[in-house]
Amino acid sequence: MDMTKPEAPEITDLLSGTEYLAQLSLANPLVAERQLMRFLDALLLSPPEPGILLALLEQARAPLCFVEEEMARRYHNKALPLAIEEESYFQQVVLAWRKVGKAYALCARLEEPEAENAQYVSLMATILHRCLYYTGMIILEHYRARRDLPPGVWLDLHGYYETAEEWGIAYTPVEDVLENNLQATHCAAAYTTLLLIDIASPYSNSVRNLNLIRRWAGMWAPLVSIHRLDDDLEVPPYVIELMKDAPLHPAAVAEEPPVDARRLDTTRLGLQINHMLSQ
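Quick caveat: nothing in here was measured; it's all calculated off a predicted structure.

Please give an account of a nonpolar patch on the surface that cites residues and values.
The grouping of Leu212, Trp216, Met219 and Met276 at the surface amounts to a nonpolar patch, some 350 Å² of accessible area in total. Element by element, the count of residues in the nonpolar patch is highest for helix H8 (residues 207–220), at three residues. On the accessibility criterion, methionine 219 (43% relative accessible area) is partly exposed.

Quick one: what's the story with helix H4 (residues 84–106), residue by residue and with numbers?
Here H4 is 23 residues long and its end C-alpha atoms lie 33 Å apart, about the 33 Å a rise of 1.5 Å per residue gives. Along its buried surface, H4 packs onto helix H2 (29–45), helix H3 (50–72) and helix H5 (118–144).

Outline the sheet that holds strand S6 (residues 261–265), supporting the account with residue identities and numerical values.
With respect to topology, four strands assemble into an open sheet ordered S3-S6-S4-S5, the strand pairing being antiparallel. Each having just a single partner strand, strand S3 (225–228) and strand S5 (249–250) make up the two edges of the open sheet. Relative to S6, S3 runs antiparallel, the two being bridged by four bridges. By the bridge assignment for S6, serine 225 is matched with aspartate 265. Its contacts with the sheet place helix H7 (residues 187–198) against S3, strand S4 (238–241) and S6, and it is angled at close to 95° to S3.

Got a sec to walk through the nonpolar core? Specific residues and values, please.
Residues Phe39, Leu57 and Tyr191 are the most contacted members of the largest nonpolar core, which totals 78 residues. Within the residue set of this core, elements represented by two or more residues are helix H1 (14–22), H2, H3, H4, H5, helix H6 (153–166), H7 and H8. Counting residues per element, this core draws most heavily on H5, which supplies 15 residues.

An account of the packing of H2 against H3 is needed here, citing residue identities and associated values.
Two elements in contact, H2 and H3, have axes separated by 10 Å at closest approach and are oriented at 150°. Judged by the angle between their axes, H2 and H3 are roughly antiparallel. As H2 packs across H3, the resulting crossing turns out to be left-handed. For the pair H2 and H3, the contacting residues are Pro29, Leu30, Ala32, Glu33, Leu36, Met37, Phe39, Leu40 and Leu43 in the first and Leu53, Leu56, Leu57, Ala60, Pro63, Leu64, Val67, Glu68, Glu70 and Met71 in the second. Taken together, the residues of the contact of H2 with H3 sort by class into 16 nonpolar, no polar and three charged.

I'd like a rundown of the packing of aromatic side chains, residues and numbers included.
Within the structure shown, the criterion is met by eight aromatic pairs. With 5.6 Å between their ring centres and 85° between their planes, tyrosine 75 and phenylalanine 90 make a pair best called edge-to-face. With tyrosine 75 in the loop between H3 and H4 and phenylalanine 90 in helix H4, this pair connects stretches of sequence that are 15 residues apart. The class for phenylalanine 90 is buried, based on a relative accessible area of 2%. With a centroid separation of 5.8 Å and 15° between ring planes, the pair formed by tyrosine 104 and tyrosine 134 is classed as stacked. Within this pair, whereas tyrosine 104 is found in helix H4, its partner tyrosine 134 is found in helix H5, the two being separated by 30 residues in sequence. Grouped by ring-pair contacts, the aromatic residues Trp97, Tyr104, Tyr133 and Tyr134 constitute a single cluster. One residue, arginine 61, lies across the ring of tyrosine 133, its end atom 4.9 Å from the ring centre. The positively charged end of arginine 74 is found above the aromatic ring belonging to tyrosine 89, 5.3 Å away from the centroid.

Calculation criteria
- Residues numbered from 1 in each chain as written.
- Predicted model: local features only at pLDDT ≥ 70, side-chain atom pairs only at ≥ 80, totals over all residues.
- Heavy atoms only, no water.
- Patch = residues over 30% accessible without salt bridge, like charges linked within 9 Å, V, L, I, M, F, W, Y side chains within 5 Å.
- Areas by Shrake-Rupley, 256 points an atom, 1.4 Å probe, with all protein chains shown as cover.
- Salt bridge = Lys/Arg side-chain N within 4 Å of Asp/Glu carboxyl O.
- Helix = DSSP H or I, 4+ residues; strand = E, 2+ residues; numbered from the N terminus.
- Buried < 20%, exposed > 50% of the residue type's maximum accessible area, 1.4 Å probe, protein only.
- Expected span 1.5 Å × (residues − 1).
- Contact = heavy atoms within 4.5 Å.
- Pairing = 2+ DSSP bridges.
- Axes fitted to C-alpha atoms, helices over the stretch in contact; angles between N-to-C directions.
- Core = buried A, V, L, I, M, F, W, Y, C linked by side-chain atoms within 4.5 Å.
- Parallel < 35°, antiparallel > 145°, perpendicular 65-115°, else oblique.
- Left-handed = near helix turned anticlockwise from the far one by under 90°.
- Nonpolar A, V, L, I, M, F, W, Y, C, P; charged D, E, K, R; others polar.
- Phe/Tyr/Trp six-rings, centres within 6.5 Å; stacked < 30°, edge-to-face > 60°.
- Lys NZ or Arg CZ within 6 Å of the ring centre and 35° of its normal.

Here it is in structure tokens:
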């Protein structure tokens, strides 16, 4: 039996990448997962032109989501500590999310998007949304596996949101068929979704309930807006600090709020929930 590790595919253009993805063995998630990891490794090792890279990553989203969910079933709702094989699956899934997030980040240009170029602005918003989405998947997977979050993961999430905010594209519409094929989302909503999940006591819920919480948080996030702290407003009881490796947390008592602090405006969400309750 040939035990040599298969070489990473050579993906130089859209056609070669598309043909590789078309041959995935989705009937066998374990095999398909290895194929997808070789695909991502090839893109990370020798990235094609950013437009091609983005197109290939977008094509890979659906099969990657399916395969990693199948992998995750092997350790969900298992007693801790996980068995060796279950732990291996967990590490593989988290590594997959890290790789795809890193690959999306390679699509981004260093310069700030031009306000008059609507197509470019939309592309940058999509790239940052995907970086937020897959960083969020790392967080969510740790919740579902009842594991402590890795250091720095909230800083990564804050950083992607802050970039979208600085470039003025935090609320630029983005298509995401994995989450909702009926309406567009945006970077701020992807970011807020994780903040809402975190305040719902994720570790005390079953995987099934956590998936429902994620679904509701995704639906409600567009009703929440994010703002800097204005000097003439009282410091809210809870804030986000973009330079702190932490989610939404109680505001510290200080004469002046930190410049990296943000508040969530949940007025529209509150109205929606009250309307639902009245029904």
